[in-house]
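# Analysis of the macromolecular model
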Amino acid sequence: MLPLNDLDRIWKRENGMTRRFWLGYCSALAAIPVLGSRVEGRVVTQPKFESDPFTLGVTSGDPSSTGFVLWTRLAPKPLEPFGGMGPELVEVSWVLAEDEACTKVVRQGKTLATPQLGHSVHVEIDALLPDRTLYFKFRAGDAESPVGRTRTMPADDAMPERLKFAFASCQHFETGYYTAYEDMLRQSPDLVFHLGDYIYEGKGAEGKIRKHIGDEIKSLEDYRIRHAQYRSDPALKAMHAACPWVVTWDDHEVDNNYAGDISEEKNVSPLELLKRRANAYQAYYEMMPLRKSSLPTGPDMQLYRTVKFGRLAEFAVLDTRQYRSNQPNDDKASPLNEAARDEKASMLGDKQRGWLMSKLLRSQSVWNVLAQQVMMGVNTVSRDETEKFSMDQWPGYLAERNAILEFMKTRRVPNPVVLTGDIHSNWVNDLRPEERDFEKPVVATEFVGTSISSGGDGTGQPPYLGLLLSRNPGVKYFNAQRGYVLCNVTPEKWQADYRIVEKVTSPGAAVDTKASFVVEEGKPGAVKG
Ligand code: FE
Ligand code: CA
């Protein structure tokens, strides 16, 4: 511990507020009863570990201009029940510093890792200076975690010259290596967005690159072990330690193609699905660098939220699973029929849609981004006569999809950009409120990023490519290999580089930019860069 007057000095320098005010603020927060702050049971202040409890590494996330969440989880045996931890509450100390050696301390403190949250640690820090790179680490007993690097966002009213960020999705552990993350680490982005399918729920399959532990996951412990298995991957773990992450889920964090409380399997009741969802959501919260506002309440969890990078870009991070109505047409690929156009159907739910619209109305940002899961472009992948569309994606919720784009158009929302995962392929789409009237003006651009590993190696030139492009004139680019998208954003232009991994079925493959697309400020629609 630093002497008190040193701490005060650091506080004033860092925060422009007195420590006394801060301590008052903290104790006010502590009075709010939340699950994570319960301190019943035996507290161990000097735990002894037989092996490293920091096997799952460290990460940070949900950055603002004044803070972020620092994360770790104690798990000396990450692939065993309870991560090899006992029922005790364990004291964990943390330090936030200006240097990688963590000697120039900016803030430090202690918290408890509790058994009810799988001994995860979420330290929410505020009142820091904007636009700072900082380092952090944890300690429990004699064990010390690896050092993580993080940063605050620029001040809310600043106009940063550049934002460099990556977005990723769909990392099936069994079908490929996470080579994409090794490349992402070398690119050193300011931020990473993960758009869902962080884990997959299926049972271990034979004959793959790697194998899931156990059967299809359902219990809290199942989900915890699955998350731990994924996070044990060294490339993923290293990327998590390198910069703040902003995560949102899709379906496989719970179960394939679930919608709200409705399972894709007809014999599973909403009650059963909600019980499973509660387990899945809790394990997700535990593993991710999320704020207290995302702490689950039973099967409910607040995940949609805002991330701002000064006035350059504002991200609405959406949750298109928890509140959605059932997929129309029994979730089968269908023409754009009456069920797909049902006015009552919703992907976002009323509350989230209202929040999104009011957020877009008051935005003062140059780029207004939806970071979300499923494709908004109304594109067909049919190879026969009838053009059919995925009912699990926005074409199954056409009225709501078109209303959002119409809103962006009539309210003249500056430079809307949509980021998407889920579909295990790369697309660049022009978006219009009139879904397939290609004469109408373009309102927004959609960058769909492929999977990190799901689907195996894939192909750059599939045999159906010509038909796909001729049937979908709004599509500027398509590729079905693996990788992620690296975006360089300035006040004048948005550049999206499609970083493609040559193959994921063997480690260490080459990664290269296969295509670049640019949107210029004030000119909707991407052009080849
Ligand atoms: Fe997926
Ligand atoms: Ca999905």
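Model, not experiment: these values are computed from the prediction. (Residues numbered from 1 in each chain as written. Chains lettered and ligands numbered in written order. Predicted model: local features only at pLDDT ≥ 70, side-chain atom pairs only at ≥ 80, totals over all residues. Heavy atoms only, no water.)

## Here's the deal with the coordination of the calcium ion (ligand 2)
This is how the line gets drawn: Atoms are scored as donors when they are N, O or S and lie within 2.8 Å of the metal, with 3.2 Å used for Na, K and Ca; no water is included, so coordination may look incomplete. To qualify as a helix, a DSSP run of H or I must reach at least 4 residues; to qualify as a strand, a run of E must reach at least 2; elements of each kind are numbered from the N terminus. Burial here depends on accessible area, computed with a 1.4 Å probe over protein chains only, as a share of the maximum for the residue type. Under 20% is buried, over 50% is exposed, and the range in between is partly exposed.
Each protein donor to the calcium ion (ligand 2) is listed here as Asp197 (OD), Asp250 (OD), Asp251 (OD) and Asp422 (OD); together their distances run 2.3 to 2.6 Å. In this structure, the calcium ion (ligand 2) lies 3.9 Å from the iron ion (ligand 1), and both are coordinated by aspartate 197. Of the two residues, aspartate 197 is situated in the loop between strand S11 (191-194) and helix H4 (220-231) and aspartate 250 in the loop between strand S12 (245-247) and helix H6 (270-287); the sequence distance between them amounts to 53 residues. Accessibility expressed as a relative area gives 1% for aspartate 197, which makes it buried.

## A word on the coordination of the iron ion (ligand 1)
Around a metal, the perfect tetrahedron of four donors has angles of 109.5 degrees, and the perfect octahedron of six donors has angles of 90 or 180 degrees. Rules: A site with four donors is called tetrahedral when every donor-metal-donor angle falls between 85 and 135 degrees; four donors are called square planar, and six octahedral, when opposite donors sit more than 155 degrees apart and all other angles fall between 65 and 115; any other arrangement is irregular.
Protein-derived ligands of the iron ion (ligand 1) are Cys170 (SG), Asp197 (OD), Tyr200 (OH) and His424 (NE2), with the metal-ligand distances lying across 2.1 to 2.6 Å. Coordination at the iron ion (ligand 1) is irregular: its 4 donor atoms span angles of 85 to 168° at the metal. Counting the intervening residues between successive donors of the iron ion (ligand 1) yields the motif C-x26-D-x2-Y-x223-H.

## Remarks on the environment of lysine 351
Note on placement: lysine 351 falls in helix H7 (residues 349-362). Spatially, the C-alpha atoms of lysine 351 and tyrosine 323 are 9.2 Å apart, while their sequence positions differ by 28 residues.

## Topic: the pairing of strand S2 (residues 58-61)
Stated precisely, the cut-off is as follows: For two strands to count as paired, DSSP must find a minimum of two bridges between them.
In S2, alternate side chains face the same way, and those of Val58 and Ser60 on one face and Thr59 and Gly61 on the other are all buried. Pairing of S2 with strand S3 (residues 68-73), which is carried by 4 bridges, proceeds in the antiparallel orientation. When the sheet's bridge partners are listed, threonine 59 is paired in S3 with tryptophan 71. If you look at the hairpin formed by S2 and S3, you'll find 6 residues sitting between the two strands, and aspartate 62 has a positive phi there, around 45°.

## Examining the packing of H4 against H6
To keep things clear, this is the line we draw: Every axis corresponds to a line fitted to the C-alpha atoms, with the helix fit spanning only the stretch in contact, and the corresponding angles, defined between N-to-C directions, vary from 0 to 180 degrees. Whether a crossing is left-handed or right-handed is set by the direction in which the near helix is turned from the far one by less than a right angle, anticlockwise for left-handed and clockwise for right-handed. Contact criterion: two residues are considered in contact whenever any of their non-hydrogen atoms come within 4.5 Å of each other. Throughout this entry, Asp, Glu, Lys and Arg are counted as charged residues, while Ala, Val, Leu, Ile, Met, Phe, Trp, Tyr, Cys and Pro are counted as nonpolar. The remaining residues, Gly among them, count as polar.
Look at H4 against H6: their axes get within 8 Å of each other, and the N-to-C directions meet at 35°. The handedness of the crossing between H4 and H6 is right-handed. Here Leu220, Tyr223, Arg224, His227, Ala228 and Arg231 of H4 come into contact with H6, specifically with Arg276, Asn279, Ala280, Gln282, Ala283, Tyr284, Glu286 and Met287. Classifying every residue of the contact of H4 with H6 by side-chain character gives 7 nonpolar, 3 polar and 4 charged.

## What to know about the confidence of the model for the protein
Defined as follows: As a per-residue measure, pLDDT tells how confident the predictor is, with possible values from 0 to 100.
Summary statistics for the protein give a mean pLDDT of 93 and a share of 92% for residues scoring 70 or more. For the stretch residues 1-39, pLDDT sits under 50, and the model shows 47 contacts to residues farther than four places along the chain or on other chains.

## Some details on helix H5 (residues 234-242)
Formally: Whenever two N or O atoms come within 3.5 Å, that pair is a polar contact, provided that in protein one can donate a hydrogen and the other can accept it, and provided that, for residues adjacent in sequence, both atoms are side-chain atoms.
Among the residues of H5, Ala235, Leu236, Met239, His240, Ala241 and Ala242 are the ones counted as buried. Summarising the contacts, the buried residues of H5 are in contact with S2, strand S9 (148-151), helix H3 (179-187), S11, H4 and S12. Capping the start of H5 is the job of one residue whose side-chain oxygen sits 2.9 Å from the backbone nitrogen of alanine 235: aspartate 233.

## Points about the environment of isoleucine 209
Looking at the secondary structure, you find isoleucine 209 in the loop between S11 and H4. For the pair isoleucine 209 and proline 160, spaced 49 residues apart in sequence, the C-alpha separation works out to 42 Å.

## Some remarks on the side chain of glutamine 171
Tracing the backbone shows glutamine 171 in the loop between strand S10 (163-168) and H3. Owing to a relative accessible area of 0%, glutamine 171 belongs among the buried residues under this scheme. Here the side chain of glutamine 171 touches tyrosine 181 through a polar contact of 2.6 Å, side chain to side chain. A polar atom in the side chain of glutamine 171 sits 3.1 Å from the backbone oxygen of tyrosine 198.

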